[in-house]
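Breakdown of the fold
Listed below are the residues making up each chain.
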Amino acid sequence: MQSKIAILEEHAREGFDNRPSRAEAEAAVTTLLRWAHDDPTREGLLETPARVTSHCEHHLAPIRGVAHVAYLPDRRVVGISKLARAVDAYARRLRIQEKMTAQIAEAINTALRPRGVSVVIQATHGCMTMRGIQKAGARLTTSRTLGLFQTDADLRRRLEVMMASGGSAR
């Protein structure tokens, strides 16, 4: 049997501590996933509401980085801003970096039908740097190549040199 003091302390805490229950918090995360135009029941998000402590799809922790996009036009050419918008459209969604990289490459490939597409993303993940194992400076690099970037080793090497130098390769 609880003492009267313990009961009073519990009631006092209830008056000041009006936090939602864990179930209510998980329901709110599920609502946010739907608000972000995603399906909370898809494989990568199934347990996300229970894992959230803090934007990757697993932890909702931010992913910050750089996307390198290259394509070899065939008939259609677009302005740089369109490529940046394609990256932004996928970067705003809850995704793992590997999937985001592939989706950007596939979207550009589908829209432009170029001779080749390459997308390389280098990013740090908040779930690695701010929580969990807290590895400051840890960075993940993912890539997706299609068409000539996939089959032509010399072309791929030239692209890597351009990315490393921040400029153009001849």
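Structure's up top.
Quick summary incoming for the structure in this document. (Residues numbered from 1 in each chain as written. Predicted model: local features only at pLDDT ≥ 70, side-chain atom pairs only at ≥ 80, totals over all residues. Heavy atoms only, no water.)

To continue, consider the overall build of the protein chain. Along the backbone of the protein chain there are eight helices and three strands. When the elements of the protein chain are put in sequence order from the N terminus, they spell out α-α-α-β-α-α-β-α-β-α-α. Buried positions account for 29% of the 170 residues belonging to the protein chain. Counting only carbon and sulfur atoms, one obtains 54% of the accessible surface of the protein chain, whose full area is about 11,500 Å². (Helix = DSSP H or I, 4+ residues; strand = E, 2+ residues; numbered from the N terminus. Buried < 20%, exposed > 50% of the residue type's maximum accessible area, 1.4 Å probe, protein only. Areas by Shrake-Rupley, 256 points an atom, 1.4 Å probe, with all protein chains shown as cover.)

On to the pairing of strand 2 (residues 116–125), then. When you tally the buried positions in strand 2, you get eight out of 10 residues, the bulk of the element. Across 10 bridges, the pairing between strand 1 (residues 63–72) and strand 2 is antiparallel. Note that in strand 2 the partner of Arg64 across the bridge is Thr124. Pairing geometry for strand 2 and strand 3 (residues 140–147), over eight bridges, is antiparallel. The residue of strand 3 that forms the bridge with Val117 is Leu146. (Pairing = 2+ DSSP bridges.)

What follows concerns the nonpolar core. Residues Tyr71, Ile104, Ile108, Val117, Val119 and Ile121 are the most contacted members of the largest nonpolar core, which totals 14 residues. Among the secondary structure elements, those contributing two or more residues to this core are helix 4 (80–91), helix 5 (97–112) and strand 2. For Ile121, the contacting residues outside a window of four places in its chain are Val66, Ala67, Gln97, Met100, Thr101, Ile104, Leu140, Thr141 and Thr142. Grouped together as the second largest cluster of nonpolar side chains are five residues, Ala70, Leu72, Phe149 and Leu155 included. (Core = buried A, V, L, I, M, F, W, Y, C linked by side-chain atoms within 4.5 Å. Contact = heavy atoms within 4.5 Å.)

For the rest of this paragraph, the subject is helix 8 (residues 153–165). Given a rise of 1.5 Å per residue, 13 residues ought to cover 18 Å, and the 18 Å separating the end C-alpha atoms of helix 8 matches this to within 8%. At the N-terminal boundary of helix 8, the capping side chain belongs to Asp152, with an oxygen 3.0 Å from the backbone nitrogen of Asp154. At the exit of helix 8 stands Gly166, carrying a positive phi of roughly 75°. (Expected span 1.5 Å × (residues − 1). Polar contact = N/O pair within 3.5 Å; in protein donor to acceptor, adjacent residues only side chain to side chain.)

Here we take up the packing of helix 4 against helix 5. Across the interface, helix 4 lies against helix 5 with an axial gap of 10 Å and an inter-helix angle of 140°. Between helix 4 and helix 5, the angle is such that the two are oblique. For the pair helix 4 and helix 5, the sense of crossing is right-handed. Packed against helix 4, whose contacting residues are Leu83, Ala86, Val87, Tyr90 and Ala91, the element helix 5 presents Met100, Gln103, Ile104, Ala107 and Ile108 at the interface. Classifying every residue of the contact of helix 4 with helix 5 gives nine nonpolar, one polar and no charged. (Axes fitted to C-alpha atoms, helices over the stretch in contact; angles between N-to-C directions. Parallel < 35°, antiparallel > 145°, perpendicular 65-115°, else oblique. Left-handed = near helix turned anticlockwise from the far one by under 90°. Nonpolar A, V, L, I, M, F, W, Y, C, P; charged D, E, K, R; others polar.)

A separate point is the sheet that holds strand 2. In space, the three strands of this open sheet follow the order 1-2-3, with antiparallel pairing throughout. Each having just a single partner strand, strand 1 and strand 3 make up the two edges of the open sheet. Across the sheet, the mean angle separating the axes of adjacent strands is 10° when strand polarity is ignored. In the packing of helix 5 onto the sheet, contacts are made with strand 1, strand 2 and strand 3, and the angle to strand 3 comes to roughly 25°.

With that settled, the discussion passes to the environment of Ala86. Tracing the backbone through its elements, the reader meets Ala86 in helix 4. Each C-alpha atom, one on Ala86 and one on Ile104, is 6.6 Å from the other, the two residues being 18 residues apart in sequence.

Turning next to the side chain of Asp38. In this fold, Asp38 is placed in the loop between helix 2 (22–35) and helix 3 (48–51). By relative accessible area, which is 12% here, Asp38 ends up buried. Side-chain polar atoms of Asp38 contact the side chain of Arg42, separated by 2.8 Å. Every residue in contact with Asp38, bar those within four places of it in the chain, is listed here: Leu33, Leu45, Leu94 and Arg95.

The analysis is restricted to geometry; functional conclusions fall outside its scope.
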